[in-house]
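# Chain and residue survey
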Amino acid sequence: MHSTEEEAREETIRMLNVYADFCENVLAMPVTRGRKTDKEKFNGAEETYCVECMMHDRKALQAGTSHYFGDGFARAFEITFTGTDNQLHYPHQTSWGVSTRLIGGIIMTHGDDNGLVLPPRIAPVQAVVIPIAQHKPGVLDAAGELLKRLQTAGIRTKMDSSDKAPGWKFAEYEMRGVPLRIEIGPKDMEKQQCCIARRDTGEKAFVPLAELESAVAKLLDDIHQNMFAMAKKNLEDNSFTAETLDQVKEITSRIGGGFVHTKWCGELSCELAMKEQAGVTSRCMPLKQSGTTGKCPVCGKDCTTDIIWGIAY
Ligand SMILES: [Zn+2]
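The next subject is the packing of helix 8 (residues 245–255) against helix 9 (residues 268–278). In the contact formed by helix 8 and helix 9, the axes pass within 10 Å of each other and the chain directions differ by 45 degrees. As judged from the angle between their axes, helix 8 and helix 9 are oblique. For the element pair helix 8 and helix 9, the recorded crossing hand is right-handed. Facing Leu245, Val248, Lys249 and Thr252 of helix 8, the residues of helix 9 in contact are Met274, Gln277 and Ala278. Taken together, the residues that form the contact of helix 8 with helix 9 break down as 4 nonpolar, 2 polar and 1 charged.

If you want it as structure tokens, here you go:
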């Protein structure tokens, strides 16, 4: 609750940016910041802002929303406050949230045919140490030493010394999306090295034991950057501009989703026609508007608003 509209609007945008920052810099999910149309906004809100993400199947997910309510709910529920002028006023309200849908978003943005791919910054286990030929003398101790060093360095690490075969363990931690797998066996011990495999690319590299902590920290950071870049490429590769309803239809049916950018006249009837004829809903009007004039793909009227259409979860 805020005493002024200005403060409440500032808070609404601040929270939108908090969500955008969290999605991009923690979850490695690129976002498009925008505002919802009247049809798609929260009932009773004056404005609904959102961060929209594209999943790897090219469908859209509204990853978070931030609403400016004005004083409508305060009036409806007779919520008042005494202002500095000693008079009663209705406060201006905001409401914002992200939910467990973000967990679905992580899975659907980054997952692949082998299972989960977890962004390193939220992975509960960032690295798993797997001893190779662990019955041989010294292997378990060497693997335990790696575990201890990484944990001391603040990296969320676990070791699997169960008697399952290494191949079984590899597949299991791949499916669970653990960003790094660290193998050490008798040959590695001789060479004072370990083998580190990345979940995102499948690449393997030998790392001198002396450089373990710094190499793992750098790899975790590289994985975050790469996962963000891959998701961004998916977003860019599947974003299109259309001028006619037929083009929107063609792109959407060919891509099975995608983000289709058009102009929009602001009429509900044109928004509904998009849904009925092209099977898409308006995702958002991006906060960054081009300012150019074009034609609404449905009615053909000149208009300036940029809007994004897609198939949403
Ligand atoms: Zn129109």
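So, on to the sheet that holds strand 1 (residues 32–35). Ordered in space as 6-3-2-1-14-17-13-12, the 8 strands form an open sheet in which the pairing is mixed. At either end of the open sheet lies a strand with only one pairing partner, and these are strand 6 (93–97) and strand 12 (239–241). Adjacent strand axes in the sheet meet at a mean angle of 35 degrees, parallel and antiparallel pairs treated alike. In this sheet, strand 17 (residues 305–310) lies alongside strand 13 (residues 259–264) in antiparallel orientation, the contact comprising 5 bridges. Following the sheet pairing, His261 is matched in strand 17 by Ile308. Along the sheet, helix 1 (residues 5–25) makes contact with strand 1, strand 2 (47–54), strand 3 (60–70) and strand 6, crossing strand 3 at roughly 165 degrees. Set on the sheet, helix 3 (residues 101–110) makes contact with strand 2 and strand 3; between it and strand 3 the angle comes to about 150 degrees.

What counts, and where the lines are drawn
- Residues numbered from 1 in each chain as written.
- Predicted model: local features only at pLDDT ≥ 70, side-chain atom pairs only at ≥ 80, totals over all residues.
- Heavy atoms only, no water.
- Axes fitted to C-alpha atoms, helices over the stretch in contact; angles between N-to-C directions.
- Helix = DSSP H or I, 4+ residues; strand = E, 2+ residues; numbered from the N terminus.
- Parallel < 35°, antiparallel > 145°, perpendicular 65-115°, else oblique.
- Left-handed = near helix turned anticlockwise from the far one by under 90°.
- Contact = heavy atoms within 4.5 Å.
- Nonpolar A, V, L, I, M, F, W, Y, C, P; charged D, E, K, R; others polar.
- Pairing = 2+ DSSP bridges.

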